[in-house]
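Secondary and tertiary structure notes
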Amino acid sequence: RRMVLPEAFLAADVILATCINIADGLHVWPAVIRQRLNLELPFMATEVILMDCVKAGGDRQELHEAIREHSMAAGKRVKEEGASNDLLERISQDPIFASVHDKLDTLVDAKQFVGRAPQQVDDFLDSVIAPILADNSIVEITDSVNV
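First, a word on what this report is: a plain description of the structure on this page. Per chain, residue numbering runs from 1 following the sequence as it is written. It should be noted that, the model being predicted, local features are given only for residues of pLDDT at least 70 and side-chain atom pairs only at 80 or more, the latter also being counted only at that level, while totals for whole chains, interfaces and linings use all residues. Hydrogens and waters are ignored; side-chain quantities use all the structure's heavy atoms.

1. Brief notes about the nonpolar core
The criterion, for reference: The nonpolar core is taken to be a set of buried Ala, Val, Leu, Ile, Met, Phe, Trp, Tyr and Cys residues, with the residues joined through side-chain atoms within 4.5 Å. Burial here depends on accessible area, computed with a 1.4 Å probe over protein chains only, as a share of the maximum for the residue type. Under 20% is buried, over 50% is exposed, and the range in between is partly exposed. Segments assigned H or I by DSSP are reported as helices when at least four residues long, segments assigned E as strands when at least two residues long, and all are numbered from the N terminus. When checking whether two residues touch, look at their non-hydrogen atoms; a contact exists if any pair is within 4.5 Å.
In this structure, Ile 49, Cys 53, Ile 91, Phe 97, Val 100 and Val 108 are the most contacted members of the largest nonpolar core, which totals 16 residues. Where this core is concerned, the elements lending two or more residues are helix H3 (46-55), helix H4 (60-81), helix H5 (87-93) and helix H6 (104-107). For this core, the element with the most residues is H4, which contributes 4 residues. Not counting chain neighbours up to four residues away, the residues in contact with Ile 91 comprise Ile 49, Phe 97, His 101 and Leu 104.

Okay, structure coming up:
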C-alpha cells in the first residue's frame, strides 16, 4: 500500500501532464478540416441521395448499383491518385440520378450529418460547465484585508 498509492498519483500526474502537453499545442485549421470533409462527405451522402431518388420513383437496386460503381471509382481516384473526390460530379452526370441533379448541394450539406451534436454541446455547457464556472468564480474581497 505504501508503494501503490504514491505510484498511482505519479501515474495520474504523468497522464495529466501528457494531456496538457497535447492540448497546449493543439491548433485548429479550418481549411484542412474543410478539405478532409470534402473528401469524405460525398461518400456519407450517398444514402441520402439514394433515398431521395427512390422517393422520386427510381429503382432502388439500379440506383444502389450505380452509386456503388461511382463510389468505387471515386474512392480509387482519391486513394490511388491522391486526387479530389469527384463522386458528386459523377452522380450529376449520370442520367439515372436526374431527379436529384438540381438539389445535390442541399443533399450533401454537412449540417445534415451532425445529428444532435449542437444540442448536446449546448446541454453540456448549460448543465456541466456553467455550474462549475459559477461555483469557481472569483469573489472580490473588499473589507477583509487591510494593507
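2. Description of the side chain of Thr 46
Structurally, the position occupied by Thr 46 is in helix H3. A relative accessible area of 14% means that Thr 46 is categorised as buried. Look past the residues within four positions of Thr 46 in its chain and what remains in contact with it is Ile 67, Ser 71 and Leu 87.

3. Digging into the environment of Val 54
Inspection of the secondary structure puts Val 54 in helix H3. For the pair Val 54 and Ala 74, spaced 20 residues apart in the sequence, the C-alpha separation amounts to 22 Å. For Val 54, the contacting residues outside a window of four places in its chain are Arg 60 and Leu 63.

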